[in-house]
Amino acid sequence: MKGENLQRLSSGAEELLRENLSFMKGESGHEYLDEDETSDYVEELDFVHDSETPGDADLDGLEEELRRIESEYDQGDGKMDSEAAVAVREHVDITRTQASDHGIWHDLSIRKFPWFVRHRWSYEGEAAMRKKFWTHGVALDSQSCTFERLWWIAEITRRENDEDDPYLYTRRAFSTRRFVFRVFDIKMGRYMPAAYALIEVLFDEKDDEEEGDEVVNGEFVKNDVIDEVIQRFRKSGAAMPYEGRDRESLEDALGDIRSNVEAELADE
Amino acid sequence: MTPQLRLNRSLTHEAFPHACRPGELDFEVVEYSLDGESPVEPETDGRVDLKDYEGWDAASLKVKVNVSEDVLDAVFPEDTDYPGRILVAGHCRATYLRDRTILSSSPVDPGSHSDEVELKVDAVGGVVELHPYLIRAETVSPVADYGVDEGVMLADGREWTVEVTEDDAGGKNNLTVDRTSFEEKHEEDEDTRFPSKDEMYYLDLERDSANPVLWFNEDHREIVNLIWAGESDYDNLTANLAWNHALTDVWTRMITIAAIEFDAEDSEWTPEWHAGVMDEASQHLFPEQNPSARKAAQFLQEELREGGHVTATKRIESAVQEILDPASGFLDHVDRIGGE
């Protein structure tokens with residue numbers, strides 16, 4: 001069935017999180033919010049009931065995947081992002097315009113799968129936890145709620161036309177939190193050729209003979225290299241608008257920056 | 001190098017050590033058409049309004065960039081066959097989209113260059129910003145005072161905005177509004193950053209400078225009740241006044257901080273709320289120049305730095321009043337009291 005159960009929470013529902021530590025921590029008996037409390041905020045979406053409009057979601061399939069991920073990764077382990085992002089993007093197959101409605105992501109985080117939010121993030125204070133349930137700003141990694149963060153970064157990094165593995169770059173991007181934070185919290189990561197070029201240059205693939213991580217097959221350079229390369233790339237962006245260049249040209253420029261940074265760090 | 005900022009002249013600034021002509025490309029959206037229907041000219045200069053149209057799939061905008069011989073001559077060391085690229089970059093904040101359309105590629109001739117920018121209804125929402133650039137298309141060996149690397153910006157022009165749908169008001173605000181008891185904060189922690197219990201509100205930039213929070217003090221129970229749960233029209237009018245009063249300070253502080261912390265050499269705003277504040281305030285701060293948010297931040301920073309404190313703070317005062325319109329709020333309130 002088309003878009004079964006995909007709904008949105010209207011604004012104001014964030015009040016339900018206020019001082020609601022027992023829910024955010026998932027204490028016994030408080031795993032879900034009371035239906036009486038949430039029902040005033042639940043709204044239906046036009047597009048899921050309209051066969052003419054694209055946009056579809058399979059929430060049962062998503063739940064199954066999330067439960068599997070929950071059982072395979074320890075609570076708080078950021079490595080689950082690589083798989084969770086693919087699961088969310090695949091099972092909520094809606095357009096960018098539809099996805100720009102935060103209410104959809106708030107509903108998934110607060111009402112439908114709050115257990116997954118708690119499994120992904122360890123509780124580190126009320127304000128920090130509220131951001132994992134409710135989007136507080138445009139920064140995709142640090143200010144967006146759990147499901148909004150996963151869906152959008154997957155959307156930006158997936159390669160729709162790659163039949164072999166459309167989510168290779170998504171999984172690689174999520175393999176290091178530092179990379180996601182540096183690139184997708186700011187506008188730089190939204191120009192897809194720049195996002196791909198950054199992954200291409202900063203992620204080292206392993207040779208076939210080596211025993212690699214099945215999911216991503218390789219790893220990012222060290223955090224201090226990531227930080228410095230991205231900082232210099234940002235500085236160059238003020239004088240060189242990224243949109244003026246294609247992916248190959250950005251990769252060349254980034255490759256040069258990486259070599260310089262590594263040489264300088266080796267000298268220190 | 002001394003900054004070459006002149007508010008009444010063309011805008012060259014210190015971020016570009018090479019020959020560069022910011023603001024000197026003429027850029028316009030000539031006409032637009034939806035799903036291949038007959039084209040329409042924009043009613044307002046600088047803005048295309050698609051909000052009233054329904055049921056379309058793709059909008060095609062005919063864009064035109066005009067570049068003069070004078071500009072080309074000034075920014076390229078070459079005398080002819082200028083190795084440049086003219087493009088229009090499009091940003092849509094709601095759908096995290098950045099893309100571009102190339103109008104002309106090496107060599108770039110003086111005169112006007114046109115192409116179609118296509119917006120698909122599935123991929124955009126809210127507002128799309130269009131920004132024209134002239135960049136260098138190939139790297140050559142250094143020539144003094146010229147940008148010689150591929151990709152370097154040589155000129156740009158004024159932005160146009162395309163309004164696709166009403167901007168979503170919820171979720172991505174620049175400011176979170178919340179309430180708490182300041183007195184309790186002091187009881188919990190005597191070194192708290194919260195001000196005294198007598199104060200009415202506090203713009204909190206200390207907890208997380210990237211995510212400002214406006215706190216209302218619950219020790220003033222009636223004010224908080226008015227703002228969160230006013231019931232009558234009179235309550236709402238009064239709540240408006242309280243709200244306006246707090247926001248006057250908030251806007252003033254946020255504009256000032258965004259200007260002082262602006263870094264012209266960084267392509268990103270850090271934190272991003274600075275961009276939101278300057279987007280809103282730029283036209284009110286400099287109504288005659290109507291600069292981009294980045295340029296407005298830079299002008300104001302220069303003015304504050306170079307001793308223009310009176311002019312700069314007057315500018316901020318006026319901008320904040322234009323944004324909030326406190327006079328109308330008070331007049332409505334007076335009218336209402338008079339009518340009781």
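Quick note: structure is the one above.
Report follows, based on the coordinates.

Definitions and cut-offs
Residues numbered from 1 in each chain as written. Chains lettered and ligands numbered in written order. Predicted model: local features only at pLDDT ≥ 70, side-chain atom pairs only at ≥ 80, totals over all residues. Heavy atoms only, no water. Phe/Tyr/Trp six-rings, centres within 6.5 Å; stacked < 30°, edge-to-face > 60°. Helix = DSSP H or I, 4+ residues; strand = E, 2+ residues; numbered from the N terminus. Buried < 20%, exposed > 50% of the residue type's maximum accessible area, 1.4 Å probe, protein only. Contact = heavy atoms within 4.5 Å. Buried area = accessible area lost by both parts, 1.4 Å probe. Salt bridge = Lys/Arg side-chain N within 4 Å of Asp/Glu carboxyl O. Pairing = 2+ DSSP bridges. Axes fitted to C-alpha atoms, helices over the stretch in contact; angles between N-to-C directions. 1 Å grid on protein atoms, 1.4 Å probe; cavity = no way out; pocket = protein on both sides within 12 Å on 5 of 7 lines; lining within 4 Å. Points joined across faces, edges and corners; volume = space filled by probe spheres on them. Nonpolar A, V, L, I, M, F, W, Y, C, P; charged D, E, K, R; others polar.

## Thoughts on the packing of aromatic side chains
Then comes step 1: Counted under the stated rule, the structure contains 21 aromatic pairs over all chains.
Then comes step 2: Ring centres 5.2 Å apart and planes at 90° place the aromatic pair Phe203(A) and Phe220(A) in the edge-to-face group. Placement of Phe203(A) in strand E5 (residues 203–205) and of Phe220(A) in strand E6 (residues 218–220) is noted, with a sequence separation of 17 residues between them.
Then comes step 3: Judged by its relative accessible area of 9%, Phe220(A) is buried.
Then comes step 4: Look at Phe262(B) and Trp269(B): their rings are 5.1 Å apart centre to centre, the planes differ by 50°, and that puts the pair in the tilted class. The pair formed by Phe262(B) and Trp269(B) is uniform in burial state, with each residue classed as buried.
Then comes step 5: Through successive ring pairs, a cluster of aromatic residues spans Trp105(A), Trp151(A), Trp152(A) and Tyr96(B).

## Quick word on the interface of chain A and chain B
Then comes step 1: Listed by partner, the interface residues are 41 residues for chain A and 46 residues for chain B.
Then comes step 2: Counting each side, the surface lost to burial between chain A and chain B is near 3,800 Å², with a carbon and sulfur contribution of 49%.
Then comes step 3: Broken down residue by residue, the surface that chain A buries against chain B is led by Val138(A), Lys187(A) and Glu243(A), which jointly contribute 17%.
Then comes step 4: The tally of links from chain A across to chain B stands at 8 salt bridges.

## Observations concerning the sheet that holds strand E11 (residues 201–204) of chain B
All names here are of chain B.
Then comes step 1: Taken together, the 3 strands give an open sheet; going across it, the order is E10-E12-E11, and neighbouring strands pair in mixed fashion. Looking at the sheet topology across the chains shown, the edges are occupied by strand E10 (176–180) and E11. Taken over all neighbouring pairs, the strand axes of this sheet differ in orientation by 25° on average, direction set aside.
Then comes step 2: In this structure, E11 lies alongside strand E12 (residues 213–217), joined through 4 bridges in antiparallel fashion. In the sheet register, aspartate 204 faces E12, and the bridge partner there is valine 213.

## Some details on unusual backbone geometry
Residues and elements named next belong to chain B.
Then comes step 1: Going from serine 106 to proline 107, the amide bond is cis rather than trans, its omega being -5°.
Then comes step 2: Between threonine 270 and proline 271 the backbone carries a cis peptide bond, its omega angle lying at -10°.
Then comes step 3: Mapped onto the elements of the fold, proline 271 is located in the loop between helix H4 (233–261) and helix H5 (273–285).
Then comes step 4: The phi dihedral of aspartate 81 falls on the positive side, at around 45°, and the residue is not glycine.
Then comes step 5: Structurally, aspartate 81 can be placed in the loop between helix H1 (69–75) and strand E4 (84–92).

## Overview of the layout of surface pockets
Then comes step 1: In this structure, the second largest pocket spans a volume of roughly 670 Å³.
Then comes step 2: Arg96(A), Met192(A), Leu97(B), Asp99(B) and Ala123(B) are the residues nearest the centre of the second largest pocket, which is lined by 29 residues in total.
Then comes step 3: At the level of secondary structure, the elements contributing two or more residues to the lining of the second largest pocket comprise helix H12 (192–202) of chain A together with E4, strand E5 (97–105), strand E6 (111–120) and strand E7 (127–136) of chain B.
Then comes step 4: Here the element with the most residues in the lining of the second largest pocket is E4(B); it accounts for 5 residues.
Then comes step 5: Here the residues of the lining of the second largest pocket are counted per class, giving 12 nonpolar, 5 polar and 12 charged.

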